[in-house]
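What follows is each chain in one-letter form.
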Amino acid sequence: MSTPDISSSRPAMPARFGAAGWALAVATFAIGTGEFALMAMLPGVARSLGISVPVAGHVISSYAMGVVIGAPLVALVGARLSRRRLLLALQAMFVVGNAASALAPGYGALLVIRFLTGLPHGAFYGVAALVAADMADPARRGRAVAGVFVGLTVAHVVGVPLVTWAGQMLGWRAVYGFITGMELLALVMIARTVPAMTPDLQGSLLREMGALRRPQVWFTLATGAIGFGGMFCVGTYLSTVLLGVTGVPAYVVPLSQSLWGVGMVAGNMAGARLVDISPVLAVVVTLVASTVMLCLFSLCAHSMVPVLIVTSLMGGIIALLPALQTRLMDVAGDAQGLVAALNHSAVNVANAFGAWLGGVVIAAGYGAQDVGWAGAGLSAAGLAVFLTGLLARRGSARSLPDPV
């Protein structure tokens, strides 16, 4: 009989849980701002380092690759650590990585530093979601998990516009100095508010890897890797559509990014309540809504007000993130850490694949607005994968231990 994982017990400290939730939200705000900062400052980074904008874009790809590789790697290495200690170690890596980014002497160094900074990304989000869910009342688990992602959504409303302005005024190195300060603040807050947790002495690489033998884990990860691609297929080329198809003034583009962020905040909050009703229902509803919104994007692309309204609604697709995260908790059994981190690897696969597909559509001679149709296809395909998984689970309900 295995020893119970005391790290997953729920401390009866609602006030302390609230403080811990704020600490995790500050951390995810800083991480989200740091992740997207280079997208907003890419021309300035290119000029500073004496390289072209496309070459500077490789730095963004390097971070994404670090997320994909680091999520499972760090989760496996930290399997026997208490979740609190693992959170602190991962947050410390962000502090060091962003400080080194601000001081990077050249393009090659920045490329390596951003890759290393991406390594703790997926594991941090995964472990933070597990900590929040463990400390929350079971009836509010979805809202607790979504609370971890509040910082990420607010980063799109406040953080990205702020660093865009700061990058223009002060330069990208100063921005990463500011982000380092936020990461350090989050580290102190986590150390002071997240309760001590006993490490899982039964945790091991083999136990975590055992989750990969569960078909429902793969169905859920594939749903994210494909279904989330729709959001990135459109989001990557949003400014291209607005400037080249809709014909908006340049100042409307930052406004559209903020509207997208507002939609993300609202979608995260609404999705959290739906997750508390049923994670399965939350996934299905979000993917159906995503498919509809992405179709509307293509149909409304020639009119400014309708396309901006649809852009805000598309931000709600972020509700899929806590829904999938919670679903993975339900189907992973006692190997929670690895699959929680892999959810973010799947999201970054969706990011890369969605952006690639949108580029293919435009390069093939279709209008830039047609990325909406391609994105809708990805959302619909993700829904098909998820429903196939549910059917497969019901067809073998007597032989598989995973709950529906």
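Residues numbered from 1 in each chain as written. Predicted model: local features only at pLDDT ≥ 70, side-chain atom pairs only at ≥ 80, totals over all residues. Heavy atoms only, no water.

**Student:** What's the story with the confidence of the model for the chain in this structure? I'm lost.
**Tutor:** Do not read the predicted coordinates in detail wherever pLDDT is low. Per-chain confidence: the chain averages 82 in pLDDT, with 87% of residues scoring 70 or above. Predicted confidence in the chain is weakest over helix α9 (residues 205-209), with a mean pLDDT of 62, and strongest over helix α14 (residues 279-300), with 95. With pLDDT under 50 throughout, residues 1-15 is counted as low confidence; its partners more than four residues away or in other chains account for 21 contacts. (pLDDT = per-residue confidence, 0-100. Helix = DSSP H or I, 4+ residues; strand = E, 2+ residues; numbered from the N terminus. Contact = heavy atoms within 4.5 Å.)

**Student:** Is there a simple way to explain helix α15 (residues 304-314) in this structure?
**Tutor:** In an α-helix, one full turn covers 3.6 residues, which means residues spaced three or four apart are oriented alike. Residues Val-307, Leu-308, Val-310, Thr-311, Ser-312 and Met-314 constitute the buried set of α15. On its buried face, α15 sits against α11 (229-235), α12 (238-246), α13 (252-277) and α14. (Buried < 20%, exposed > 50% of the residue type's maximum accessible area, 1.4 Å probe, protein only.)

**Student:** Even after reading the chapter, I still don't get a nonpolar patch on the surface, so can you show me in this structure?
**Tutor:** A cluster of nonpolar residues, Val-158, Leu-162, Trp-165, Met-169, Leu-170 and Phe-178, forms a patch on the protein surface that exposes about 630 Å² of accessible area. No other element matches the five residues that helix α7 (residues 150-170) contributes to the nonpolar patch. Residue placement: Met-169 occurs in helix α7. Assessed through its relative accessible area of 53%, Met-169 is described here as exposed. (Patch = residues over 30% accessible without salt bridge, like charges linked within 9 Å, V, L, I, M, F, W, Y side chains within 5 Å. Areas by Shrake-Rupley, 256 points an atom, 1.4 Å probe, with all protein chains shown as cover. Salt bridge = Lys/Arg side-chain N within 4 Å of Asp/Glu carboxyl O.)

**Student:** Would you take a moment to explain the packing of aromatic side chains for this structure?
**Tutor:** Each aromatic ring pair is characterised by the separation of its centres together with the angle its planes make. Counted under the stated rule, the structure contains three aromatic pairs. With a centroid separation of 5.6 Å and 25° between ring planes, the pair formed by Phe-353 and Trp-356 is classed as stacked. Placement of the pair is Phe-353 and Trp-356 together in helix α17 (residues 336-363), with a separation of three residues, close to one helical turn. (Phe/Tyr/Trp six-rings, centres within 6.5 Å; stacked < 30°, edge-to-face > 60°.)

**Student:** Sorry, what's going on with the packing of α7 against helix α8 (residues 172-193) here?
**Tutor:** In helix packing, the relevant descriptors are the interaxial angle and the interaxial distance, both defined with respect to the helix axes. Two elements in contact, α7 and α8, have axes separated by 7 Å at closest approach and are oriented at 135°. Judged by the inter-axis angle, α7 sits oblique to α8. When α7 is examined against α8, the residues Leu-162, Val-163, Ala-166, Gly-167 and Leu-170 are found in contact with a partner set consisting of Trp-172, Ala-174, Val-175 and Phe-178. Of the residues assigned to the contact of α7 with α8, the class counts are eight nonpolar, one polar and no charged. (Axes fitted to C-alpha atoms, helices over the stretch in contact; angles between N-to-C directions. Parallel < 35°, antiparallel > 145°, perpendicular 65-115°, else oblique. Nonpolar A, V, L, I, M, F, W, Y, C, P; charged D, E, K, R; others polar.)

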